[in-house]
Amino acid sequence: NQESGSHTYILLIIIHSFQKIVAPVSIKLKKFIPVSAGMAGGSTDAAAALYGMNQMFDLGLNMEQLKERGVKIGADVPYCLMRGTALAEGIGEKLTALPPMPKCPVLVAKPSVAVSTKFVYENLHLENDPPHPDIDRLLEDIRKKDLQSTAQDMGNILETVTVAHYPEIASLKEIMKEHGALNALMSGSGPTVFGLFEDTPSSPRAARSTPAPSWRTASSCRTSILSPVSSSATPSSARTAASAAAR
């Protein structure tokens, strides 16, 4: 299908970017992060392939060299290589490491819809001056390890596009806030929503209140993720997705 074809194309770009590799390379891609969820699933696949091949073939590339290759594949691949908390500038490739985010329970929920990143960016009209978070204030909140201020000062201008087309995103945000989330926002271009909580008991209560009885819940690293799963999905798949969301 089209999605599989795009992933195969990206993996071929990665393989050809390493000119020192002369042996045949076979990559089997098993995805755990949902497709078209706004959670950088494809970018993390690319980052893992870049990092893994550098290690396996002893290519000796440092992190900056890996990020130079990564940005040719996707704007957020360099961040997926770097990980942690960071300020991203430019198209997302200019990264400055920041102190870790204050630790807290996180609830992640994905509605059973897929969102095209291309569609969202094509319909983002910056000339309309959408509300933008105060980045300097947010950076100060993170440096002070002030969880409440960090949560309140976060924002995502892509919501101005995606939420208008998928009202279930707004519903999920409200449910999380009603059940104790300090704030709830759309992840990336959507439709996934995440909520930050101050105490652990509030997160399961919010999870139980989401209007999706067919979703499976898994917890890892104090992160809970809810996503539509088929009856054939395994618990280990859900646990892996939760772990990925926590990193």
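Worth saying up front: this structure is predicted, and the values here are computed from it rather than measured.

1. Some remarks on the overall build of the protein chain
- Scanning the protein chain from N- to C-terminus turns up 11 helices and 7 strands.
- Burial statistics for the protein chain: of 247 residues in total, 40% are counted as buried.
- Sequence separation of at least 24 residues holds for 60% of the intrachain contacts in the protein chain that already meet a minimum separation of 6.
- By element, 53% of the accessible surface of the protein chain is carried by carbon and sulfur atoms, the whole surface being about 13800 Å².

2. As for the nonpolar core
- Membership of the largest hydrophobic core comes to 18 residues, with the highest contact counts inside it found for L107, V120, L124, L158, M176, V193 and F197.
- Only β3 (106-109), α9 (167-178), β4 (181-186), β5 (193-197) and α10 (202-209) provide two or more residues apiece to this core.
- Every residue in contact with V120, bar those within four places of it in the chain, is listed here: V115, L158, V161, T162 and S189.
- Ranked by size, the runner-up nonpolar core spans 12 residues in total, among them M39, A151, L185 and F194.

3. Let's talk about α9
- With 12 residues, α9 extends 17 Å between its outermost C-alpha atoms, agreeing within 8% with the 16 Å of an ideal straight helix rising 1.5 Å per residue.
- Buried within α9 we find I169, L172, K173, I175 and M176. Considered in projection along α9, the buried side chains sweep an arc of 165° and stay on one side of the axis. Facing away from the buried side of α9 by over 90 degrees, the exposed positions are P167 and E178.
- At the exit of α9 stands G180, carrying a positive phi of roughly 105°.

4. Considerations on the pairing of strand β2 (residues 94-97)
- By the bridge criterion, 4 bridges tie strand β1 (residues 86-89) to β2 in an arrangement that is antiparallel. Bridging across to β2, L87 finds its partner in T96.
- The hairpin formed by β1 and β2 contains 4 residues between the paired strands, and G90 there has a positive phi angle of roughly 70°.

5. Looking at the pattern of salt bridges
- The tally for this structure, following the rule as stated, stands at 5 salt bridges.
- One salt bridge in this structure joins K67 and E64, with 3.0 Å as the shortest N-O distance. In this pair, K67 and E64 both sit in helix α3 (residues 63-70), 3 residues apart, roughly one turn of the helix.
- Residue K173 pairs with E159 through a salt bridge whose shortest N-O separation is 2.7 Å. Of this pair, K173 sits in helix α9 while E159 is found in helix α8 (residues 159-165), placing the two residues 14 residues apart along the sequence. Per residue, the accessibility class of K173 equals that of E159, and both read buried.

6. Quick notes on the packing of helix α2 (residues 41-56) against α3
- One can describe the packing of α2 onto α3 by two numbers: an axis separation of 10 Å at closest approach and a directional angle of 135°. When the axis of α2 is compared with that of α3, the two are oblique. Considering only the axes of α2 and α3, their crossing is right-handed. Here L50, Y51 and N54 of α2 lie close against α3, whose contacting residues are L66, R69 and G70.
- Across the contact of α2 with α3, the residue classes tally to 3 nonpolar, 2 polar and 1 charged.

7. Looking at α2
- Helix length check: α2 (16 residues) gives 22 Å between terminal C-alpha atoms against 22 Å at 1.5 Å per residue, within 8%.
- For α2, every residue scored as buried is listed here: G41, S43, D45, A46, A47, A49, L50, M53 and N54.
- Following α2 by one or two positions, D58 has its phi on the positive side, about 50°.

What counts as what
- Residues numbered from 1 in each chain as written.
- Predicted model: local features only at pLDDT ≥ 70, side-chain atom pairs only at ≥ 80, totals over all residues.
- Heavy atoms only, no water.
- Helix = DSSP H or I, 4+ residues; strand = E, 2+ residues; numbered from the N terminus.
- Buried < 20%, exposed > 50% of the residue type's maximum accessible area, 1.4 Å probe, protein only.
- Contact = heavy atoms within 4.5 Å.
- Areas by Shrake-Rupley, 256 points an atom, 1.4 Å probe, with all protein chains shown as cover.
- Core = buried A, V, L, I, M, F, W, Y, C linked by side-chain atoms within 4.5 Å.
- Expected span 1.5 Å × (residues − 1).
- Arc of directions from axis to C-beta.
- Pairing = 2+ DSSP bridges.
- Salt bridge = Lys/Arg side-chain N within 4 Å of Asp/Glu carboxyl O.
- Axes fitted to C-alpha atoms, helices over the stretch in contact; angles between N-to-C directions.
- Parallel < 35°, antiparallel > 145°, perpendicular 65-115°, else oblique.
- Left-handed = near helix turned anticlockwise from the far one by under 90°.
- Nonpolar A, V, L, I, M, F, W, Y, C, P; charged D, E, K, R; others polar.

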